[in-house]
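Report on the structure
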Amino acid sequence: KFIFTDVILRDNIESLTKNIGFADEDIIWLYQYFTDMEVAPNTYSIKKFEESIDLTNRKFTVEKVNNKIVRYNFADEKQFVTAYLKDGNDKVVERVEYVSQGALIRKDYFTNKKTCSEYYTPKNKTAYLYRRIVFNSNGTVAFEELIDGDKKNTIYRFPDKILYNKEELVEYFIEKLNLTEKDVVILDRSTGIGQVVFRNHGKAKL
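What comes next concerns the included structure.

Reading the values: the criteria
- Residues numbered from 1 in each chain as written.
- Predicted model: local features only at pLDDT ≥ 70, side-chain atom pairs only at ≥ 80, totals over all residues.
- Heavy atoms only, no water.
- Helix = DSSP H or I, 4+ residues; strand = E, 2+ residues; numbered from the N terminus.
- Contact = heavy atoms within 4.5 Å.
- Areas by Shrake-Rupley, 256 points an atom, 1.4 Å probe, with all protein chains shown as cover.
- Lys, Arg positive; Asp, Glu negative; His and termini not counted.
- Charge placed at Lys NZ, Arg CZ, Asp CG, Glu CD.
- Pairing = 2+ DSSP bridges.
- Axes fitted to C-alpha atoms, helices over the stretch in contact; angles between N-to-C directions.
- Phe/Tyr/Trp six-rings, centres within 6.5 Å; stacked < 30°, edge-to-face > 60°.
- Buried < 20%, exposed > 50% of the residue type's maximum accessible area, 1.4 Å probe, protein only.
- Lys NZ or Arg CZ within 6 Å of the ring centre and 35° of its normal.
- Patch = residues over 30% accessible without salt bridge, like charges linked within 9 Å, V, L, I, M, F, W, Y side chains within 5 Å.
- Salt bridge = Lys/Arg side-chain N within 4 Å of Asp/Glu carboxyl O.
- Core = buried A, V, L, I, M, F, W, Y, C linked by side-chain atoms within 4.5 Å.

The subject of this paragraph is the overall build of the chain. Within the chain, the secondary structure is distributed over 5 helices and 12 strands. With the C-alpha coordinates aligned to their principal axes, the bounding extent of the chain is approximately 60 × 40 × 25 Å. A fraction of 33% describes how many contacts in the chain between residues 6 or more apart in sequence connect residues 24 or more apart. Working note: accessible area of the chain is about 12600 Å², and carbon and sulfur atoms make up 48% of it. On the chain, the mean spot of the 33 positive side-chain charges and the mean spot of the 32 negative ones are 3 Å from each other.

Dropping the structure here:
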């Protein structure tokens, strides 16, 4: 198994790992591990997305750019929605951004379903990320990440647990792996996770 612990959203982790020859079933991603989602290619259709934002009885215009971007402009509502499409397939959505009154307020990310939403608020004339929600396949919340400025002030809220930083999240993750003496853990870097792995690998060889 190949384990990834970084936030990987702009690109689908499935595309990145497939490009280097890894099979989907061999990928474990920290931010997906606590959900019932599988590592999967992008197949979420533009049609399904349009149904999700309910375009009936709303005045809007549609602008397409290079078969890679579709923008829905709701002038009366002072907002627009931009869908970024998969390279080489203008019928599949990878991510969507919502802008209201000139300010970015949300980003949604998709594979075969919506996997994650990020929420923003204007701060010092920039878009300030303050919340990230990770979903299960049926749309329920698997966990959420509350971000207060510095990444060191991040809180992870699960249905039955609250974790107060990334190290605690990784520690919780390693506990859930239930490593045994039959396992070998190969750590390719120590930044941010080294001490946690050393403390929690149990009987597994490191």
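Attention shifts here to the sheet that holds strand β10 (residues 141–146). In space, the 10 strands of this open sheet follow the order β3-β4-β5-β6-β7-β8-β9-β10-β11-β12, with antiparallel pairing throughout. Looking at which strands have only one partner, the edges of the open sheet turn out to be β3 (61–65) and β12 (161–163). With strand direction ignored, the average angle separating the axes of adjacent strands in the sheet is 20°. When strand β5 (residues 79–86) meets strand β6 (residues 89–100), the two strands line up antiparallel, connected through 8 bridges. For V81, the partnering residue across the bridge sits in β6 and is Y98.

Moving on, we come to the pairing of strand β8 (residues 114–123). In the sheet, strand β7 (residues 103–110) pairs with β8 via 5 bridges, with the strands oriented antiparallel. Note on β8: the bridge partner recorded for R106 is Y119. With antiparallel pairing between neighbouring strands as the criterion, β8 and strand β9 (residues 126–135) make up a hairpin whose turn holds 2 residues, including N124 at a positive phi of roughly 50°.

This part takes up the packing of aromatic side chains. A complete count under the given rule lists 15 aromatic pairs for this structure. For the ring pair F158 and Y172, a centre distance of 5.4 Å and an interplane angle of 80° mean the geometry is edge-to-face. Pair noted here: F158 is in strand β11 (residues 155–158) and Y172 is in helix α4 (residues 166–177), with a separation of 14 residues, a long-range link. Overall, the relative accessible area of 9% leaves Y172 in the buried class. Feature note: the residues W29, Y31, Y33, F34, F143, F158, Y172 and F173 constitute an aromatic cluster, connected by ring pairs. We note R106 situated over the ring of Y98; from NZ or CZ to the ring centre the distance is 4.2 Å. Stacked on the ring of Y119, the Lys or Arg R131 has its end atom at 5.6 Å from the ring centre.

What follows concerns the environment of F110. Residue position: F110 is located in strand β7. As a C-alpha pair, F110 and N42 span 68 residues in sequence and 6.9 Å in three-dimensional space. Residues within four places of F110 in sequence aside, it is in contact with N42, Y44, F49, V93, E94, R95, V96 and T115.

Another point: unusual backbone geometry. One non-glycine residue, N67, lies in the positive phi region at around 55°. Relative to the elements of secondary structure, N67 occurs in the loop between β3 and β4 (69–74). One non-glycine residue, N124, adopts positive backbone phi at about 50°. Residue position: N124 is located in the loop between β8 and β9.

Right, let's talk about a nonpolar patch on the surface for a bit. Residues L187, F198 and L206 make up a contiguous nonpolar surface patch of roughly 270 Å² in combined accessible area. Assignment of secondary structure puts L187 in the loop between α4 and α5 (194–200).

Below, the discussion takes up the nonpolar core. Membership of the largest hydrophobic core comes to 28 residues, with the highest contact counts inside it found for L30, Y31, F34, F143, Y156, F158 and L169. At the level of secondary structure, the elements contributing two or more residues to this core comprise β2 (27–29), α2 (30–33), β10, β11, α4 and α5. What L30 contacts, discounting residues up to four positions off in sequence, is F4, T5, K166, L169, V170 and F173. Core analysis: the second largest hydrophobic core is formed by 15 residues, F49, A83, L85 and V96 among them.

Now for the pattern of salt bridges. Taken as a whole and judged by the stated rule, the model has 13 salt bridges. When the shortest N-O distance is used, the salt bridge between E14 and K18 registers 2.9 Å. Taken together, the positions of E14 and K18, both in helix α1 (residues 13–19) and 4 residues apart, correspond to about one turn of that helix. Residue K18 is classed as partly exposed on the basis of its relative accessible area of 48%.

In short, shape yes, function no, at least from these values alone.
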